[in-house]
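A closer look at the structure
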Amino acid sequence: MEHYPEELRTPPVTLVCIVGHQDLHATISTHLHSEQPPINTLALPDFTKISIIDKSPKENDNQLPSAYTSSGIIKRDWLLKHRTRVPAVVAALFDADQLSGDPAQWLQVCTDLENLKAVIKGRNIKLVVVVVVRFNSKDSITEDSLASLRKRAEVDAKYVITFIPDDASELNQSLNRLGNIFGELAVTFYRDEGRRVKTRLEKKSYGSIEFNVRYCFKVAIYAEFRRDWAEALRMYEDGYHALREMIGTSTRLPPIQRLVEIKMVAEQFHFKISTLLLHGGKVVEAIKWFRQHNASYKKLTGPTEINFFHWEWLARQFLVFAELLETTNATISSPASTVADRTSSDWEFRPAYYYQLAAQYLKEKKSCVEIAVSMMPAETDESCDSIVPSLYVGQYARLLDLGETSVMQLITDEDYTLFALTEEGKKLGDSTEIIALLKKAYEAYNNLKFQRAASFCTLLMAKEYFLTSDYTNSKQHFDKLTSLYRQEGWVTLLWEVLGYLRECSRKLSSAQDFISYSLEMSALPISSISSLQEMKDCGPAGSPSLKQVENIHKEVFAIVREETLNEEGENMGGIEVNSDHPLHLEIDLVSPLRVVLLTSVAFHEQIVKPQAPTSITLSLLSQLPSPVEIDQLEIQFNQSECNFIIVNAQRRESSSISHIHPDRRVETVPVIQLFTNKWLRLTYDIKSVNSGKLECTYVIARIGPHFSISCGAESPANMHDLPLWKFEERLEASPTKDPAIAFSGMKVTQVEEPDPQVDLILGSTGPALVGENFLLPVTLTSKGHSVESGELKINLVDTRGVGLLSPRETEHTSSSDNLHVELLGVLCDPTQDNNDGIRKVQQSFGLVSVPFLNVGDSWSCNLEIQWHRPKPIMLYVSLGYSPSSGAPKVHIHKSLQIEGKTPVVISHRLMLPFRRDPLLLSRLKRSPESGQTVSLPVNETSILVVNATNCTEVPLKLLSMSISEDDATQKNKAKTTCTIQSGIDNDPTLLVPGEEFKKVFTVKPELNASKLNLGSVCLRWRRDHESSKEVVTKQSLPDVNLESPPLVITLECPPHGVLGEPFTYFARIHNQTKLLQEVKFSLSDSQSFVLSGPHNDTTFVLPLSEYILSYKLVPLSSGSLQLPRVTITSVRYSAGFQPTTAASTIFIFPSKPQFLSEPEKKSIPADQAPQQITA
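Residues numbered from 1 in each chain as written. Predicted model: local features only at pLDDT ≥ 70, side-chain atom pairs only at ≥ 80, totals over all residues. Heavy atoms only, no water.

**Re the overall build of the chain**
The cut-off we apply is this: Going along the chain from the N terminus, every DSSP run of H or I of four or more residues is numbered as a helix, and every run of E of two or more is numbered as a strand. In this scheme, a residue with accessible area under 20% of its type's maximum is buried, one over 50% is exposed, and one in between is partly exposed, where area comes from a 1.4 Å probe on protein chains only. Contact criterion: two residues are considered in contact whenever any of their non-hydrogen atoms come within 4.5 Å of each other.
When you go through the chain residue by residue, the secondary structure sums to 24 helices and 57 strands. Looking at the chain as a whole, 47% of its 1175 residues are labelled buried. Considering only contacts within the chain whose residues lie at least 6 apart along the sequence, 73% involve residues at least 24 apart.

Dropping the structure here:
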């Protein structure tokens, strides 16, 4: 849209003029610009400048000859004049002092108003009078002064307003009032002007049809000024149709100039109509209108010598409409889903479609210009320089200089044609604009994911670059197309593009690209497209045919063999392959040159012994149209010692001997010649020196002394088809004659390692135990090889096969405890020579250097592994060494599964003292299976029994068992005092598998607290042999609650009795509270005893005192008897007490027993025997 002036591209904006008070112009203009719709201002500093808005002088009209005076459709500057010089409203600004001050000042006001009215008289321009008054003196303006001013200005009272600039609130009100009046009067002005011109149209008071078109244009512009879009659209359409009727009827101008003027005016009408439709959201209507506009003028090409103007005009229509589609705010959608009209195609809704056609018509224009310029006379008349645009749109005239004045003269069609061609010659050229349009279309198609349409635009761009001799950009764009054409299998298009690329490479003197494109063209399947050779222009390469392909083939191989192509000895436009410019091509698995040379390599055996020969089959295939003779073939492997060269006996002289390595094996064959679509098979034996993977990587074919092609070797089992040839009718053969090799043959084989002659022994001492540093001996013994550069690799792997050992899921720190199993180190014998030592040891990996060993020597080390949790692991130990200096390494692998087990299981149990039962209130509220923390009484001695059970298959020696304080216990030591004592420390105890060890501790909390941490059980142990190290196993004991019991029940009786002898049985009730406790008790009878004492009663126990129930019992039988059952119930706590069965059991001897003392072996009377001490 840059082709159009700004006043046409943008909608008309109301213009008002303000005169006087220059200091307020910026404030008023800024406010008017912010209005909706905005208002432009023509600011005049004083009344001496009002002549600017006067009518244009008539002198310019006299510059035209009489025959030219009233001709023309639309004046070129009419719209610009109404937007910049003809205001709709004029506002005269006067100071309040001029109205009520000196009479001379009032006289000046009257003079300025008279001059202003004289300027706008007869032009319908509206007048507004503004009185500028200060805020402090706003009351000084009288109604009489304003009335006098209104009468002098001859305006209504509402158009005489006061303006207060020095108060923010008053200023805002003044600006709003001024903006409203300007908007109202402007609408009135443009409506009146439009109505005046429209009256002429309705009365048809015009002499020619040109005035009809002109009046429609003016009425539409006035409607746009007042934002009446519907009226503007209707008048533009009327003017457009009236203009179409002028074609073939108007004779006021020569035919060519008449057609040019009509098209230029029609272009402006069309632009306005399309803009209004699109910005109104009527996309389908706009597309229909453009289609109609195109159909109306597409065939009006005009005479041949000037038809380039028609194509340029048509290209501009498509370009402008594409830009309008892009910039419109309407949502563009497919007509298939939103519009009932099915005549619009989906392409017509895409700006890219119009950009592409604009480029196409501009290309037509370029061709016409070239033809017209070729027919121009060699010497042109310099009078073309005096031809300038006339006063009317689309007209041109010759400007004659007559001294102090100048006049315009009519020109003939011949003059205009010569002028137009001269102007075209001054332009930079159409190719740049064509490429820019195609690039816009490409980007738009690409954004829409229309790949094929975008590629077509790329093709057109590349051809345009080629025509302008910009071969670098042309080659770049053609290269982008080849991948798509190969993928789609479009052989005809690929042939054309490769032909262009071949010529670009020739022009750029790029031998490598020229040879590559030529070889690819030679190998294309042209049999299926040769029938299309007359249907289209196929570019520089010509039509695809067998003859053309063979010519390209001969041309390429003449270059690479450094032969002259013709008798004149032309060197192909600078394309040379010689000693100064050698050429090497590479063909990989995705290269398009696979059709030129395809190599297949297959080993006959998948596993071979070192130094043992194995057969390998090399197969080559080419789709070139003529036989190709190869001078040399070099087969390369990942082990360079296996590389060898095959030499063509007939081409030995032309083969480059410098390519042959002196140590390489050379094979000679009578001839190496490839025929079209026929496999060449060669089979040879090779030996591998090194173990491991042996892979054929490349096959290098040399043709001529300075040209070579390197092909990536492919396996027959994994070989892909040739994309462009897979649908051709051709005989497909397998690369090898052996079907088994053709089906499963691979270009890689595995060379086994030589048999190791070193023993690697992993010693095992049974299962590993958690917590200990487990030592595993590793021994190397040389049997037949010396060990050089030996390395020992150790890996610990989870037996589940999930890789390295996983850390704990609940911890995220980096300490070693996070691992289940950890490799601590490798311990070597210090007496052995191992200067390098341990290279690297990680948590699950170790790398150790092995010293030099002669035959018969041995070396050992110990792996130190620690288990943090019970877990089975796999230990992998690998030894790599060289039997001699420079020899390939030999590897030995050993593995061992090691079980990690828990050595001991520690358990514990808390017990109350024997026959002493404190009342713990927490037990009354807790269900038996609630799982709550155990409670202990304060200031009472409790029993802690700790058990340690050997869970392994090996005997363990327990060195000690103790209870240590935790960190939390030490911190709370000042709050809670607890005494934990154990019995007599025993000597180290042997614990066989499955055996249990017990130890008793007494626990006495001395201060009242809510919680008590008992600490951790610390168990020191080792394996049952002297070389094992001590291990410490710790297990934390759970916290216990502490309670102060309100009542404590104690039962007292002798440890045993004698038949018939009475003894005393006490039940002590101790009240440890400051409350009086009511207690109920009862005693059940027993047939084994005769008893005396209270049986059933209620009593009270005083605070902090003790109540004793005493019974005298006489046993009536001997043996283990149950004492009479005592039941005690606390009324306050609703808690009852009954002794356990063990606490109610006593043994009765039939007669008084005699006890023997162990040291003296003498009798001790029963009454002197040690008594049971109540806990």
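**Structural notes on unusual backbone geometry**
Proline 37 follows glutamine 36 through a cis peptide bond whose omega is 0°. If you trace the backbone, proline 37 turns up in the loop between helix 2 (25-33) and strand 2 (39-44). Backbone geometry places lysine 449, a non-glycine residue, at a positive phi of 65°. The backbone of serine 789 shows a phi angle near 50°, a positive value even though the residue is not glycine. Relative to the assigned elements, serine 789 resides in strand 25 (residues 788-798).

**Topic: the sheet that holds strand 33 (residues 904-911)**
Stated formally: Any two strands between which DSSP finds at least two bridges are classified as paired. Each axis is a line fitted through C-alpha atoms, taken for helices only over the stretch in contact, and angles between the N-to-C directions span 0 to 180 degrees.
Here we have four strands laid out as an open sheet, ordered 33-36-40-38, and antiparallel in their pairing. Two strands close off the open sheet at either side, each with one partner strand: strand 33 and strand 38 (978-982). Direction aside, neighbouring strands of the sheet carry axes that sit 25° apart on average. By the bridge criterion, five bridges tie strand 38 to strand 40 (residues 996-1005) in an arrangement that is antiparallel. Looking across to strand 40, one finds that glutamine 981 is bridged to threonine 1002.

**Thoughts on the nonpolar core**
Applied cut-off: Here, nonpolar core refers to any group of buried Ala, Val, Leu, Ile, Met, Phe, Trp, Tyr and Cys residues whose side-chain atoms link them within 4.5 Å.
Ranked by size, the top nonpolar core spans 148 residues in total, and within it Ile28, Phe163, Phe182, Tyr236, Leu243 and Phe269 carry the most contacts. The residues contacting isoleucine 28, other than those within four sequence positions of it, are Ile18, Leu93, Phe163, Leu175 and Leu178.

**Side note on the packing of helix 17 (residues 451-467) against helix 18 (residues 471-488)**
To keep things clear, this is the line we draw: Handedness of a crossing follows from how the near helix is turned relative to the far one, being left-handed for an anticlockwise turn of less than a right angle and right-handed for a clockwise one. Gly is put with the polar residues, along with every residue not named as nonpolar or charged; the nonpolar set is Ala, Val, Leu, Ile, Met, Phe, Trp, Tyr, Cys and Pro, and the charged set is Asp, Glu, Lys and Arg.
Where helix 17 contacts helix 18, the axes come no closer than 8 Å and their chain directions differ by 150°. The interaxial crossing formed by helix 17 with helix 18 has left-handed handedness. Note on element contacts: helix 18 touches helix 17 through Tyr471, Asn473, Ser474, His477, Phe478, Leu481, Leu484, Tyr485 and Glu488, opposite Gln451, Arg452, Ser455, Thr458, Leu459, Met461, Ala462, Lys463, Tyr465 and Phe466. Partitioning the contact of helix 17 with helix 18 into residue classes produces 10 nonpolar, six polar and three charged.

**A few points about the confidence of the model for the chain**
Put simply, the test is: Across the chain, each position has a pLDDT score giving the predictor's confidence in that residue, from 0 to 100.
Averaged over all residues, the pLDDT of the chain is 83; the fraction at 70 or higher stands at 87%. Below pLDDT 50 for its whole length, residues 334-342 participates in 12 contacts with residues either more than four positions away or in separate chains. Within the model, the stretch residues 565-571 combines pLDDT values under 50 with six contacts to residues more than four positions away or in other chains.

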